[in-house]
Structure formats: C-alpha cells, structure tokens
Amino acid sequence: MNRPKRADEAGGIYHALNRGNARCEIFRKAEDYAAFERILAEGLQRYPCVILSYQLMPNHWHFVLQPTDDGGMSDFLGWVSLTHTMRYHAHYGTAGQGHVYQGRFKSFPVQDDEHFVVVCRYVERNALRAGLVDRAEDWRWGSLWRWLQKDEPKPVLLSPWPIRRLSNWVEHVNEPLREDALAAVRRSVVRGSPYGDADWTEAISGRLGLHSTLRPRGRPRKPEKES
C-alpha cells in the first residue's frame, strides 16, 4: 500500500510563517513570547523536527525548520499552533471570541546552500526591518539573540546548521538584503514556491507536488492576432 505524499520530507529545510488573525497581535507582553518558547520546547520533544532559525514578532512568526522524519514539520507546527491557541484563550479568557491565527501556517522548501543563508538572514533581521530594534541581535525573541549567548538559555531550542555559518554573521544579518534576493524570498513566502537554483527547484517541485506554485498567476494572455 502506497503511503500518501507528505508536505515535508525528512532532511529538507523549510521556511514557515503564520500571522495573527486579521494581523492582530499574538504576543502582547514578554511573558507571551516566553510561554510560546516553552511550547516550542515541548513540541521539539514530541515531534521529529529541529529549529535552525526563528523570530517571533508581535503579530506573526518565522521559522527555518528541518524535519528528521517525513511530515515532521507539519506535525510539529500543527501541534504548536493548536497548543498556543488553546493556552492563549485560556490565559486571556477569549475562548469563543475568534481565531488566534489567520489560518494554517505557510511554508516553502529551501535549498541548503547560499539560499539557506539568505532565508536565515531574512528571518533574523525581521525585527530590525520592522524598526523594532536598532540592531538585529537586540531582538530578544529569536535565534540570533540566542546564538550570541555564551550558553543558550533554557529552554534549548536551536540545532546546528547543516552548512557552515558565515564569519561575521551578525554583521551580515544587519546588512540589508539585495533587492532581488528580498523579492525572491517574498515571492516564495506568498506562493509557497521552493527557493533555490533552477535545477533544484524543478526536482523538489516534482517530489513534493509544487509545480503549480511556479506557474504565473492569473489567466493566460490571449495570443495576439496576426495583422
């Protein structure tokens, strides 16, 4: 009997994102962020997935994840989102007053080369890009701040990268991404399309059934009549 194709495969790298419903805040105070990180730690104990990079923002979050079993990312984020929703409603007494998240998380595969580096820079400079801090490493609720601590604070969330981190990494994160790179990442965020070189993108799209994310959107243009 053939097993159904899973949305994510073991050993792959994925960027994942979710936002608060109607872009409302999902983290109102410091303890909300800390409580969510405790949920992450619980989820890592339950599901075959590791965190490579992340950033928690007032109304959304970004992760770069690597499942260690097929479907591990989907199971991990599904449990994290549901658990966070239940505990959020219990804490704020808002059960029955609407959704916490706008829907299911969005994700896309990332090639484990310089494309991975670009996505991690994109994630770790999110608070800087939003004007919440003057330096990317000053944002407490993300992987860059954690990575810079002599000993990672409890709960331990981060796993080693699959490739070597660039020297002067903090300065790389604080430098703006090139416009073409930023546009390409944002296109993958919106469409769920793989982020990598052409050959890798074609191969991973075939394995994961993502060819539709590569096609131009909208109705095809009608051919012009010959004059």
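Up top is the structure these notes are about.
### Structural notes on the sheet that holds strand β2 (residues 49–57)
Part 1 of the reasoning: Spatial strand order, β2-β3-β1-β4: four strands in an open sheet with antiparallel pairing. Two strands close off the open sheet at either side, each with one partner strand: β2 and β4 (106–110). Neighbour to neighbour, the strand axes of the sheet diverge by 20 degrees on average, direction disregarded.
Part 2 of the reasoning: Across five bridges, strand β1 (residues 13–19) lies against β4 in antiparallel orientation. Within β4, the position partnered with I13 by the bridge is V110.
Part 3 of the reasoning: Strands β1, β2, β3 (60–67) and β4 of the sheet are contacted by helix α3 (residues 114–124), whose axis makes an angle of about 35 degrees with β2.
Part 4 of the reasoning: Across the sheet, helix α7 (residues 179–191) touches β1 and β4, and the angle it forms with β4 is around 130 degrees.

### Considering a negative patch on the surface
Part 1 of the reasoning: Where like charges cluster on the molecular surface, the negative patch consists of E114, D197, D199 and E202.
Part 2 of the reasoning: Position of D197 among the secondary structure elements: in the loop between α7 and α8 (198–208).

### Re the side chain of Q66
Part 1 of the reasoning: The topology assignment puts Q66 in strand β3.
Part 2 of the reasoning: Q66 sits in the buried class, given a relative accessible area of 18%.
Part 3 of the reasoning: Within the structure, the side chain of Q66 is placed 2.9 Å from the backbone oxygen of G11, a separation counted as a polar contact.
Part 4 of the reasoning: Those residues in contact with Q66, other than ones at most four positions away along the chain, are G11, G12, I13, C49, V50 and L52.

### Some details on unusual backbone geometry
Part 1 of the reasoning: In this model, K154 is joined to P155 through a cis peptide bond whose omega is -5 degrees.
Part 2 of the reasoning: By the secondary structure assignment, P155 is in the loop between α5 (143–148) and α6 (169–174).

### Topic: the state of the cysteines
Part 1 of the reasoning: Across all of its chains, the model carries zero disulfides by this definition.
Part 2 of the reasoning: For C49, which is in no disulfide, the shortest distance to another cysteine sulfur is to C120 and amounts to 13 Å.

### A word on the nonpolar core
Part 1 of the reasoning: Formed by 64 residues in total, the largest nonpolar core has its most connected members in I51, W61 and F63.
Part 2 of the reasoning: F63 has contacts with Y14, H15, A16, F36, L40, I51, S53, Y54, L56 and L77, leaving out every residue within four places of it along the chain.

### A few points about the pattern of salt bridges
Part 1 of the reasoning: In total, this model carries nine salt bridges according to the counting rule given.
Part 2 of the reasoning: A salt bridge links R135 to E171; the nearest nitrogen and oxygen atoms lie 2.8 Å apart. Pair noted here: R135 is in the loop between α4 (126–129) and α5 and E171 is in helix α6, with a separation of 36 residues, a long-range link.
Part 3 of the reasoning: Note that R178 and D180 form a salt bridge whose closest N and O atoms lie 3.0 Å from each other.
Part 4 of the reasoning: Given a relative accessible area of 48%, D180 falls into the partly exposed group.
Part 5 of the reasoning: A single network of salt bridges, built from pairs that share partners, joins E37, R146 and E152.

What counts, and where the lines are drawn
Every chain's residues receive numbers from 1 upward, in the order its sequence appears when written. Selection of residues for local features in this predicted model requires a pLDDT of at least 70, selection of side-chain atom pairs for listing and counting requires 80 or more, and totals for whole chains, interfaces and linings are taken over all residues. Side-chain calculation: all heavy atoms of the structure are included, whereas hydrogens and water are not. One requirement defines pairing of two strands: DSSP has to find at least two bridges between them. Strands are runs of DSSP state E lasting at least two residues, helices are runs of H or I lasting at least four, and both sets are numbered from the N terminus onward. Note on geometry: axes are lines fitted to C-alpha atoms, helical ones only across the stretch in contact, with angles between N-to-C directions running from 0 to 180 degrees. Pairs of residues are marked as contacts when any of their non-hydrogen atoms sit within 4.5 Å. Put simply, a patch holds well-exposed residues, over 30% relative accessible area, that have no salt bridge, with like charges counted together within 9 Å and Val, Leu, Ile, Met, Phe, Trp or Tyr side chains within 5 Å. Where accessible areas are quoted, they stem from the Shrake-Rupley method and a 1.4 Å probe; at the residue level, only the protein chains shown are allowed to cover. We define a salt bridge as a contact between a side-chain nitrogen of Lys or Arg and a carboxyl oxygen of Asp or Glu at a distance within 4 Å. Charged residues are defined narrowly, with Lys and Arg counted positive, Asp and Glu counted negative, and His plus the chain ends left uncounted. Working definition for charges: the position is that of NZ of Lys, CZ of Arg, CG of Asp or CD of Glu. Any residue under 20% of the maximum accessible area for its type is buried, any over 50% is exposed, and the rest in between are partly exposed; the area is computed with a 1.4 Å probe on protein chains only. In the analysis that follows, any N or O atom pair within 3.5 Å is treated as a polar contact, provided that within protein one partner can donate a hydrogen and the other can accept it, and provided that, for residues neighboring in sequence, both atoms belong to side chains. Two cysteine sulfurs form a disulfide in these notes if their separation is within 2.5 Å. Buried Ala, Val, Leu, Ile, Met, Phe, Trp, Tyr and Cys residues form a nonpolar core when they are joined through side-chain atoms within 4.5 Å.

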